[in-house]
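Coordinates in review
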Amino acid sequence: MASTSSSLVLLVNALLLVSFFQFSVATGRKLNELVQEQPSVPLKYHKGALLSGKISVNLIWYGNFKPSQRAIISDFFNSIHSTSTQSKNGPSVSSWWKKTEKYYHLPTSTRKPTSLVLKLGRQIFDEKYSLGKSLSNKKIVRLASRGEQRNAINVVLTSADVAVDGFCSSRCGTHGSSISATKKSKFAYIWVGNSETQCPGQCAWPFHQPIYGPQGAPLVAPNNDVGVDGMVINLASLLAGTATNPFGNGYYQGPAEAPLEVSSACTGIYGTGAYPGYAGNLLVDSSTGASYNANGANGRKFLLPALFDPSTSTCSTLV
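About the thresholds
All chains use their own residue numbering, which begins from 1 and follows the written sequence. pLDDT decides what is reported in this predicted model: residues at 70 or higher carry local features, side-chain atom pairs at 80 or more are listed and counted, and totals for whole chains, interfaces and linings draw on all residues regardless. Excluded from the side-chain calculation are hydrogens and water; included are all heavy atoms of the structure. Working definition: with a 1.4 Å probe on protein chains only, accessible area under 20% of the residue-type maximum means buried, over 50% means exposed, and in between means partly exposed. Note on conventions: DSSP H or I runs of at least 4 residues are helices, E runs of at least 2 residues are strands, and numbering of each starts at the N terminus. Starting at the helix axis, one direction is taken to each C-beta atom, and the arc is that of these directions. Contacts are assigned to residue pairs that have any heavy atoms within 4.5 Å of one another. Two cysteine sulfurs form what is called a disulfide whenever their separation falls within 2.5 Å. Two strands pair if DSSP finds at least two bridges between them. Per-residue confidence from the predictor is reported as pLDDT, a score between 0 and 100. Every case where a carboxyl oxygen of Asp or Glu lies within 4 Å of a side-chain nitrogen of Lys or Arg is listed as a salt bridge.

Along helix H5 (residues 137–144), the positions that sit buried rather than exposed are Ile140, Val141, Leu143 and Ala144. Along the long axis of H5, the arc covered by the buried residues comes to 160 degrees, so they all point the same way.

With that settled, consider the environment of Asp285. Mapped onto the secondary structure, Asp285 falls in the loop between strand S11 (283–284) and strand S12 (291–292). Taking relative accessible area as the criterion, Asp285 reaches 15% and is therefore assigned buried. Along the chain, Asp285 and Pro222 lie 63 residues apart, while their C-alpha atoms are 8.0 Å from each other. Ignoring sequence-local partners within four residues, the contact set of Asp285 consists of Ala290, Tyr292 and Lys301.

Using the criterion set out here, one finds three disulfides in the structure. Here Cys172 is linked by a disulfide to Cys203, with a sulfur-sulfur distance of 2.1 Å. One quick way to see it: the torsion about the S-S bond of Cys172 and Cys203 is about -85 degrees, and its sign makes the bridge left-handed. You can see Cys172 sitting in the loop between strand S7 (163–164) and strand S8 (173–179) and its partner Cys203 sitting in helix H6 (residues 200–203), a full 31 residues away along the chain.

Further remarks concern the pairing of strand S9 (residues 186–193). Looking along a regular strand, one sees the side chains alternate between the two faces of the sheet. The element S9 is extensively covered by neighbouring structure, given that seven of its eight residues are classed as buried. Examined bridge by bridge, strand S6 (residues 152–158) and S9 share six bridges and lie parallel to one another. Across the sheet, the residue bridging to Asn154 is Tyr189, located in S9. Hairpin connection of S8 to S9: six residues between the antiparallel strands, including Lys183 at a positive phi of 60 degrees.

As a further point, take the confidence of the model for the chain. The share of residues in the chain with pLDDT of 70 or more is 86%, and the mean pLDDT across the chain is 87. Residue range residues 1–24 is modelled with pLDDT below 50. Its contacts to residues more than four positions away, or to other chains, number 18 contacts.

Moving on, we get to the pattern of salt bridges. Applying the stated criterion to the full structure yields six salt bridges. A salt bridge links Lys102 to Asp309; its shortest N-O distance comes to 2.7 Å. Of the two residues, Lys102 is situated in the loop between helix H4 (93–101) and strand S4 (116–126) and Asp309 in strand S15 (residues 307–309); the sequence distance between them amounts to 207 residues. The exposure class assigned to Lys102 is partly exposed, which follows from its relative accessible area of 32%. Between Lys301 and Asp285 there is a salt bridge, with the nearest N and O atoms lying 3.9 Å from each other. With a gap of 16 residues between them, Lys301 in strand S14 (residues 301–302) and Asp285 in the loop between S11 and S12 connect regions that are remote in the sequence.

Structure, rendered in structure tokens:
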């Protein structure tokens, strides 16, 4: 009887969790950045809606961030739809993003090819930690709801002194969706934490020595900020996942509660020749020694993850 009762409690808790998040929540890169076996076929389309048209990306800064750190992340988002200036210097953030756009051009029986244009929207600052320094998933969604609740991706960024459930122990970030306050629309959200003081060897690799696995020398971060350059990697991965699987029924393989998405299908790969503990053959800035694979706005350089290309069924890198 006790076993049956426990099973019922677990089932009820699971249903409540799914109900709260509205759809499956996809987790960002796992703590082991080892190259895994890649899918041999395109990611499966699960007949759900994708984001389309003009979508605002709203940044919710929670905790203490320096202006220079905010500029790095803002420049990343401003680089997604960019001018030709970036590409003149080599591979760019915008050329990386075009790989996700391929999924929008795939014809299916239930969805016509469409387009997605992201634009940096509002920036909301909570420097007084209004919800405390220890956040649950429920609080993350509350923070995300401060952004626009229609045609939006609301990005919650937590500073290095903020603990979040599961952060460092099982995830570096999350993306999901929620229903608006009026229940007439839904919005996508992303959460990523700054791992600089809590777990840089887990969530800021390859810019920090890994805590386990093959031990290679860490790379120099392109913007000289291990925590925030690591955040950009996780943001990029989750942004690609949000674009191609925003509501839990888009493109992915495996179970909905732990989907293998366009970026997580290519874990640990940043350049050609990548293998466990080695990010791949990357570009190196001659003046700083920093490793990168993408040029961005305002002369920025970034390291971005490989994405699963639906036309070749391989992990595609910029370099």
